[in-house]
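Next come the chains, spelled out residue by residue.
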Amino acid sequence: KLLFQYLKVLGYEISGFCDNNSELWGKNMYDVPIYSPSHCVKYYRENVYIVANKNSVSEICLQLKELNISEEQLKIFCADFEDIMRMKNVIFKEVPDGWR
(Lines give C-alpha, C1' and ligand atoms only; values in the text may rest on other atoms or scores of the structure.)
Protein backbone atom coordinates (compact mmCIF):
# COMPACT_ATOMS: atom_id res chain seq x y z
CA LYS A 1 0.00 0.00 0.00
CA LEU A 2 2.76 2.42 0.93
CA LEU A 3 4.64 1.84 -2.33
CA PHE A 4 1.46 2.48 -4.30
CA GLN A 5 0.83 5.75 -2.43
CA TYR A 6 4.45 6.79 -2.86
CA LEU A 7 4.42 6.21 -6.61
CA LYS A 8 1.15 8.14 -6.95
CA VAL A 9 2.60 11.09 -5.01
CA LEU A 10 5.58 11.08 -7.36
CA GLY A 11 3.19 11.26 -10.31
CA TYR A 12 3.53 7.75 -11.69
CA GLU A 13 0.57 6.17 -13.43
CA ILE A 14 -0.16 2.67 -12.15
CA SER A 15 -1.60 0.66 -15.07
CA GLY A 16 -2.53 -2.37 -13.03
CA PHE A 17 -1.52 -5.06 -10.61
CA CYS A 18 -0.42 -8.55 -11.70
CA ASP A 19 -1.43 -11.51 -9.59
CA ASN A 20 -1.41 -15.26 -10.12
CA ASN A 21 -4.58 -15.62 -8.07
CA SER A 22 -7.34 -15.96 -10.68
CA GLU A 23 -9.98 -15.04 -8.08
CA LEU A 24 -8.57 -11.48 -8.04
CA TRP A 25 -8.56 -10.96 -11.82
CA GLY A 26 -11.11 -8.35 -12.84
CA LYS A 27 -11.25 -6.85 -9.36
CA ASN A 28 -9.66 -3.57 -8.28
CA MET A 29 -7.21 -2.59 -5.60
CA TYR A 30 -7.00 1.16 -4.85
CA ASP A 31 -9.21 1.70 -7.92
CA VAL A 32 -6.60 -0.01 -10.13
CA PRO A 33 -7.45 -3.26 -11.95
CA ILE A 34 -5.85 -6.59 -11.08
CA TYR A 35 -4.81 -8.69 -14.06
CA SER A 36 -3.21 -12.03 -14.77
CA PRO A 37 0.50 -11.81 -15.57
CA SER A 38 -0.17 -12.96 -19.14
CA HIS A 39 -2.74 -10.16 -19.61
CA CYS A 40 -0.26 -7.59 -18.29
CA VAL A 41 2.53 -8.60 -20.63
CA LYS A 42 0.13 -8.74 -23.59
CA TYR A 43 -1.35 -5.26 -23.07
CA TYR A 44 1.41 -3.53 -21.09
CA ARG A 45 4.50 -5.03 -22.73
CA GLU A 46 6.62 -1.85 -22.46
CA ASN A 47 5.77 -1.00 -18.84
CA VAL A 48 8.03 -1.32 -15.83
CA TYR A 49 7.14 -4.20 -13.52
CA ILE A 50 7.72 -3.70 -9.80
CA VAL A 51 7.96 -6.88 -7.78
CA ALA A 52 6.86 -6.06 -4.24
CA ASN A 53 6.29 -9.55 -2.86
CA LYS A 54 9.22 -10.12 -0.53
CA ASN A 55 8.58 -13.86 -0.11
CA SER A 56 8.40 -14.73 -3.82
CA VAL A 57 10.74 -12.30 -5.58
CA SER A 58 12.77 -14.96 -7.41
CA GLU A 59 9.73 -16.90 -8.59
CA ILE A 60 7.89 -13.79 -9.78
CA CYS A 61 10.93 -12.42 -11.63
CA LEU A 62 11.48 -15.79 -13.30
CA GLN A 63 7.82 -15.97 -14.33
CA LEU A 64 7.94 -12.46 -15.84
CA LYS A 65 11.21 -13.21 -17.64
CA GLU A 66 9.61 -16.35 -19.09
CA LEU A 67 6.83 -14.05 -20.36
CA ASN A 68 9.54 -12.00 -22.14
CA ILE A 69 9.76 -9.10 -19.72
CA SER A 70 13.32 -7.83 -19.87
CA GLU A 71 15.63 -7.49 -16.91
CA GLU A 72 15.62 -3.70 -17.43
CA GLN A 73 11.83 -3.62 -16.98
CA LEU A 74 11.96 -5.48 -13.66
CA LYS A 75 12.34 -3.50 -10.46
CA ILE A 76 12.38 -5.13 -7.05
CA PHE A 77 10.96 -3.31 -4.06
CA CYS A 78 12.66 -4.51 -0.88
CA ALA A 79 12.51 -1.62 1.53
CA ASP A 80 14.15 -1.44 4.91
CA PHE A 81 12.88 0.68 7.80
CA GLU A 82 14.74 3.83 6.70
CA ASP A 83 13.35 3.53 3.16
CA ILE A 84 9.82 3.22 4.56
CA MET A 85 10.31 6.28 6.78
CA ARG A 86 11.56 8.35 3.81
CA MET A 87 8.52 7.25 1.81
CA LYS A 88 6.20 8.21 4.64
CA ASN A 89 7.86 11.61 4.83
CA VAL A 90 7.19 12.20 1.13
CA ILE A 91 3.60 10.98 1.35
CA PHE A 92 2.63 12.72 4.58
CA LYS A 93 5.22 15.54 4.63
CA GLU A 94 5.79 14.59 8.26
CA VAL A 95 5.58 11.27 10.04
CA PRO A 96 2.46 10.94 12.21
CA ASP A 97 3.22 10.32 15.89
CA GLY A 98 1.83 6.80 15.87
CA TRP A 99 4.24 5.76 13.10
CA ARG A 100 7.50 6.45 14.94
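Calculation criteria
Residues numbered from 1 in each chain as written. Predicted model: local features only at pLDDT ≥ 70, side-chain atom pairs only at ≥ 80, totals over all residues. Heavy atoms only, no water. Pairing = 2+ DSSP bridges. Helix = DSSP H or I, 4+ residues; strand = E, 2+ residues; numbered from the N terminus. Core = buried A, V, L, I, M, F, W, Y, C linked by side-chain atoms within 4.5 Å. Buried < 20%, exposed > 50% of the residue type's maximum accessible area, 1.4 Å probe, protein only. Contact = heavy atoms within 4.5 Å. Phe/Tyr/Trp six-rings, centres within 6.5 Å; stacked < 30°, edge-to-face > 60°.

## Here we look at the sheet that holds strand β3 (residues 32-35)
Step number 1: Taken together, three strands build an open sheet; the order of strands is β1-β3-β2 and the sheet is mixed. Edge positions in the open sheet fall to β1 (17-18) and β2 (28-29), since each of these has one partner strand only.

## Some remarks on the nonpolar core
Step number 1: Judged by nonpolar contacts, Tyr-35, Cys-40, Val-41, Tyr-49, Val-51, Val-57, Cys-61, Leu-64, Ile-69 and Leu-74 together constitute the single largest core of 10 residues.
Step number 2: Counting only elements with at least two residues in this core, the list comes to α2 (37-43), β4 (49-51) and α3 (57-66).
Step number 3: The contact partners of Cys-61, leaving out residues within four places of it in the chain, are Val-51, Leu-74 and Ile-76.
Step number 4: By size, the runner-up hydrophobic cluster in this structure holds nine residues, among which are Leu-3, Phe-4, Ile-14 and Val-32.

## Side note on the packing of aromatic side chains
Step number 1: Scanning the entire structure with this criterion turns up four aromatic pairs.
Step number 2: Where Phe-4 meets Tyr-30, the ring centres are 4.9 Å apart and the plane angle is 25 degrees; that geometry is what we call stacked. Here Tyr-30 lies in the loop between β2 and β3 and Phe-4 lies in helix α1 (residues 2-9), a separation of 26 residues in the sequence.
Step number 3: One aromatic cluster in this structure is built from Phe-4, Phe-17 and Tyr-30.

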